[in-house]
Structures are given as structure tokens and as C-alpha cells.
Amino acid sequence: QVQLVESGGAMVHTGGSLRLSCAASGSISRLITMGWYRQTPGMQREMVAVITMGGSPTYSHSAKGRFTISVDNAKTTVHLQMNSLTPEDTAVYYCDAYEAGRPRPYWGQGTQVTVSS
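Here the residue index of a chain counts from 1 through its sequence in written order. Totals for whole chains, interfaces and linings use all residues, but because this is a predicted model, local features are given only for residues with pLDDT of at least 70 and pairs of side-chain atoms are given and counted only at 80 or more. Hydrogen atoms and water are omitted, and side-chain values are computed over all heavy atoms in the structure.

We call two strands paired when DSSP finds no fewer than two bridges between them. Numbering of helices and strands runs from the N terminus, with a helix taken as a DSSP run of H or I at least four residues long and a strand as a DSSP run of E at least two residues long. Judged by pairing direction, the sheet is antiparallel, and its four strands sit side by side in the order 1-3-8-7 without closing on themselves. The sheet is open, and its two borders are formed by strand 1 (2-7) and strand 7 (67-71), each paired with just one other strand. Here the average twist between neighbouring strands, direction ignored, is 15°. Where strand 1 lies against strand 3 (residues 18-26), six bridges are found, and the strand directions are antiparallel. The residue bridging Val5 from the neighbouring strand is Ala23, located in strand 3. Angles shown run from 0 to 180 degrees and are taken between the N-to-C directions of axes, each axis being a line fitted to C-alpha atoms and, for helices, limited to the stretch in contact.

Written out as C-alpha cells, the structure is:
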């Protein structure tokens, strides 16, 4: 089992920055990727950025150039640095993690990001 705990969500103004963190604990040695998704009411959860434990990132179109995903050397925490935020970035941000041999990811509880105009 893997537990994920997100932190860093807050309310900021347009153009501001936030850094989200997701700390993984438990059986983390088998993790393959960790990532960030976001969801607004009535909409499907969408991928924001994903990173392999080797450090290779993938970004959504909206995140590319503004957001940076990284994983710490211990490979227990993934960060999402978000710059140039707009109201369209307002959502609950969820951390996920894929484990080798497990078809479904683990999910965190989510952290609210609100960007005011």
C-alpha cells in the first residue's frame, strides 16, 4: 500500500505562483510514476503533469511552459511548481502514483487551488 498526502493548495491572484507537494509513504520502492491531476465540478479529472521516478516529465498543453514537476532525490515527494496562474487553473489538484504490477493508481485526497481574477 502507498499513501499520498498533498499540500500547498491555496488562494492566489492571477499571475501568482504556488508550489504543490505530494508526499508518498508505504511501499514506495515499486512506484513507476507520480503525477498531478486536477478536477473542477462537473468535469472529468485531467492530467496536469506526470513524472517517472527517473525524472522524465510529461505535461499537458495548458501546463507546458508554466508548470514544472519534479521528484526529490529520495523519490518520496513530487512537487508541482505552478507559475503565471490564471482563474482557469482553479481546481482540486490530486496526486497519483502508479506501482509496478498494479493496474490502478493510488490517489491522494486532493488540495484546493483557487486563482482569483
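Moving on from the coordinates now.
Our focus in this paragraph is the nonpolar core. Buried Ala, Val, Leu, Ile, Met, Phe, Trp, Tyr and Cys residues that are joined via side-chain atoms within 4.5 Å together make up what is termed a nonpolar core. Think of it in three bands: with a 1.4 Å probe and only protein chains considered, a residue is buried below 20% of the maximum accessible area for its type, exposed above 50%, and partly exposed in between. Counting 29 residues, the largest nonpolar core has Leu4, Met34, Trp36, Leu80, Met82 and Tyr93 as the members making the most contacts within it. Listed by contribution, the elements that provide at least two residues to this core are strand 1, strand 3, strand 4 (31-39), strand 5 (46-52), strand 7, strand 8 (77-82), strand 9 (91-99) and strand 11 (111-116). In this analysis, two residues are considered to be in contact whenever any of their non-hydrogen atoms come within 4.5 Å of each other. Not counting chain neighbours up to four residues away, the residues in contact with Met82 comprise Gly16, Ser17, Leu18, Leu20, Arg66, Phe67, Tyr93 and Val113.

All we've got here are geometric facts, nothing functional implied.
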